[in-house]
Amino acid sequence: MEETIAAIATPPGEGGIGIIRISGTEALNIIDKIFQPKNPARWAAKKSHQIYLGTIVRSKPQKAVLDEVLVTFMRSPHSFTGEDVIEINCHGGYLPLKLILELVLEQGARLAHPGEFSKRAFLNGRLDLSQAEAIIDVIRAKTEKGLDVALNHLEGKLKEVINSLSNDIIRILAYLEASIDFPDDEIEAMEQQEILDIINNSLQSINKMLEGFKAGKIYREGLKTVIVGKPNVGKSSLLNALLRENRAIVTDIPGTTRDVIEEYINIGGIAIKIIDTAGIRSTEDVVEKIGVEKTVELIKQGDLVLIVVDAEEGLTEEDYKIIDLVKKAGKKYLLLINKIDLVENIDLGIENNSLKISAKYEKGLEQLEQAIKQMVGTGQVKVGTDQMITRERHFEALGRAKKHLEETKTALKNNLAPDFLTIDLRAALRALGEISGETASEDIIDRIFKDFCIGK
Ligand SMILES: Nc1nc2c(ncn2[C@@H]2O[C@H](COP(=O)(O)OP(=O)(O)OP(=O)(O)O)[C@@H](O)[C@H]2O)c(=O)[nH]1
Ligand SMILES: [Mg+2]
């Protein structure tokens, strides 16, 4: 029998209310022992999906009321986890939550692991894996668009698409298996065309999702934008200007920033993660050197690089080296000519993707935001949010499904025996099943739920 689990479901700290969640076969027994309902007759009926007012009472070491609470009861299987679930709404202070949780644990519940409620929901078939992942994305969404995609997945939109792809493959498999059992009937031309059509349709739908991945990922994680440049060109000033607050220390001493600073801004519904870095130059200072190495690493991880140069100084050899570094990493970048307030006329005349700005006097920032929006290009990706994939895991599995479907197509065209086709079709099916969780290994499943917080 599964153990009954319990945890505090609300974040630590003071709040108006706090919630303790209990799930499992013992949930009702446990709450019965510690809850004194205001209306015992009503509580005795234990109607599901109702709220009951009362107090939580401890009997040891001496009888004491711990808090006045509202208890919600959701009977299996109509609950989040699919098991009997009790939620105790108490006052949102550290002590009531802690004391009530301790009492619940004393009565036989075990403290839940991170994500264990969601994992049970998955194991009991209340959610597929893509929906479980969406829970975390809803909680962590940084923009409304990111939230929109996550909610779509939570609702099961991605699950539907994956299911329908799987069902098509299963249909072909069933047909092919029948023809393996009756080998005398060859696959006729007509049927072959039918199979091809189904596969082509599936491939089209998969390709669309793969294409939308970049945009989807940006919606989920934000666009990683790395600010680089020589020391003292105004990188931290730019970060502050974009954030509209003084987040990073700005001084006229080169080498001010040594640690990487990360913050989020919202440009047109897209979360932009801005990363300020240590200035790049050949350096003897050990601490600074580590910072520079980190910067090179960050360029590699970034989606977009903002290269800042000093208008007064013009483009120096060091600037060109940095531009080269970014180009070599194959990154999209914008060249920002900063401190234009200090010069009358500048014509650095090289890069067409350059912008003139003044971080200190907040000039040219709107154009910069506009340019970033354009470079993201998410508007050009025509994928509905319902089939937009946002996770590397989904992208990778879909890529494999695609490969196997293409191989099936080749085998079909070469008139290979049905056995050959079924091998690839099964592999495609397995790949799709990893997204829904049907064929995901325990490892993958564990990794996904470990990412959750306790109580979720
Ligand atoms: N006139 C003018 N000064 C600026 C502008 N932007 C930055 N500065 C000044 O340039 C100096 C360096 O600015 P920072 O933002 O610290 O430069 P940084 O690139 O982060 O420098 P490091 O962290 O040392 O690599 C400061 O004195 C800023 O006030 C600008 O647009 N115009
Ligand atoms: Mg700095």
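Residues numbered from 1 in each chain as written. Chains lettered and ligands numbered in written order. Predicted model: local features only at pLDDT ≥ 70, side-chain atom pairs only at ≥ 80, totals over all residues.

**Q** Is there a simple way to explain the overall build of the protein chain in this structure?
**A** When its secondary structure is counted, the protein chain shows 15 helices and 13 strands. For 456 residues, the compact-globule formula gives about 23 Å, and the C-alpha radius of gyration of the protein chain, at 29 Å, lies well above that figure. The principal-axis extents of the C-alpha atoms in the protein chain amount to approximately 85 × 80 × 35 Å. The buried share of the protein chain, reckoned over its 456 residues, is 39%. Considering only contacts within the protein chain whose residues lie at least 6 apart along the sequence, 65% involve residues at least 24 apart. (Helix = DSSP H or I, 4+ residues; strand = E, 2+ residues; numbered from the N terminus. Rg over C-alpha atoms; globule rule 2.2 N^0.38 Å. Buried ≥ 20, exposed ≤ 12 C-beta atoms within 10 Å, placed from the backbone. Contact = placed C-beta atoms within 7 Å.)

**Q** Help me understand the nonpolar core, please; the structure alone is not making it clear to me.
**A** Side chains of nonpolar character tend, in soluble globular proteins, to be buried together. Counting 112 residues, the largest nonpolar core has Ile 20, Ile 22, Ile 100 and Ile 307 as its most contacted members. Among the elements that line this core, the one with the most residues is helix α8 (residues 189-221), at eight residues. Sequence-distant contacts of Ile 307, that is, excluding residues within four places in its chain, are made with Val 228, Gly 229, Ile 322, Ile 323, Val 326, Tyr 333, Leu 335 and Leu 336. (Core = buried A, V, L, I, M, F, W, Y, C linked by C-beta atoms within 7 Å.)

**Q** Is there a simple way to think about the environment of Lys 409 in this case?
**A** Relative to the assigned elements, Lys 409 resides in helix α13 (residues 392-413). Measuring from C-alpha to C-alpha, the distance between Lys 409 and Asp 424 comes to 9.5 Å, with 15 residues separating the pair along the chain. Those residues in contact with Lys 409, other than ones at most four positions away along the chain, are Leu 196 and Ile 199.

**Q** How should I be thinking about the sheet that holds strand β11 (residues 304-310) in this particular structure?
**A** The strands that make up a sheet pair up through hydrogen bonds in the backbone, lying either parallel or antiparallel. If you walk across this open sheet you meet the six strands as β9-β10-β8-β11-β12-β13, and the pairing is mixed. At either margin of the open sheet sits one strand with a lone partner, and together these are β9 (261-267) and β13 (354-356). Averaged over all pairs of adjacent strands, the angle between strand axes in this sheet comes to 25°, irrespective of strand direction. Sheet analysis places β9 next to strand β10 (residues 270-276), joined by seven bridges and oriented antiparallel. Within β10, the residue paired with Asn 266 across the bridge is Ala 271. (Pairing = 2+ DSSP bridges. Axes fitted to C-alpha atoms, helices over the stretch in contact; angles between N-to-C directions.)

**Q** Explanation requested: the sheet that holds strand β1 (residues 5-8) in the structure shown.
**A** Taken in spatial order, the seven strands line up as β3-β4-β5-β6-β2-β1-β7 in an open sheet, and their pairing is mixed. With partners counted over all chains shown, the strands left at the sheet margins are β3 (35-37) and β7 (110-111), one partner each. Pairing geometry for strand β5 (residues 64-74) and strand β6 (residues 85-92), over five bridges, is antiparallel. Within the sheet, the bridge partner assigned to Met 74 lies in β6 and is Val 85. Together, β1, β2 (15-23), β4 (50-58), β5, β6 and β7 form the strand contacts of helix α3 (residues 94-106), whose direction differs from that of β2 by roughly 10°.

**Q** Would you take a moment to explain the site of ligand 1 for this structure?
**A** Inspection of the region around ligand 1 gives 24 residues, with Gly 234, Ser 236, Thr 257, Gly 279 and Lys 360 positioned closest. With three residues, the single largest contributor to the shell around ligand 1 is helix α9 (residues 235-243). For the shell around ligand 1, the residue count by class is seven nonpolar, twelve polar and five charged. (Near = placed C-beta within 6 Å. Nonpolar A, V, L, I, M, F, W, Y, C, P; charged D, E, K, R; others polar.)

**Q** When you look at α3 in this model, what are you seeing that I'm missing?
**A** The periodicity of an α-helix, 3.6 residues per turn, causes residues three or four places apart in sequence to face the same way. In this model α3 runs 18 Å from its N-terminal to its C-terminal C-alpha over 13 residues, within 8% of the 18 Å that 1.5 Å per residue would give. Turning to α3, its buried residues are Pro 96, Leu 97, Ile 100, Leu 101, Leu 103 and Val 104. Across the axial projection of α3, the buried residues extend over an arc of 160°, all falling on one side. Turned more than 90 degrees off the buried face of α3, the exposed positions are Tyr 94 and Leu 95. Along its buried surface, α3 packs onto β1, β2, α1 (27-34), β4, β5 and β6. Phi turns positive, to about 120°, at Gly 108, one or two residues after α3. (Expected span 1.5 Å × (residues − 1). Arc of directions from axis to C-beta.)

**Q** Any chance you could explain the domain arrangement of the protein chain here in plain terms?
**A** By a widely used convention, the size of an interface equals the accessible area lost when the partners come together. Taken as a whole, the protein chain is organised into domain 1 (5-112), domain 2 (131-218 + 386-450) and domain 3 (222-359). For domain 1 and domain 2, the distance between their C-alpha centroids amounts to 42 Å. (Domains from an automatic or database assignment.)

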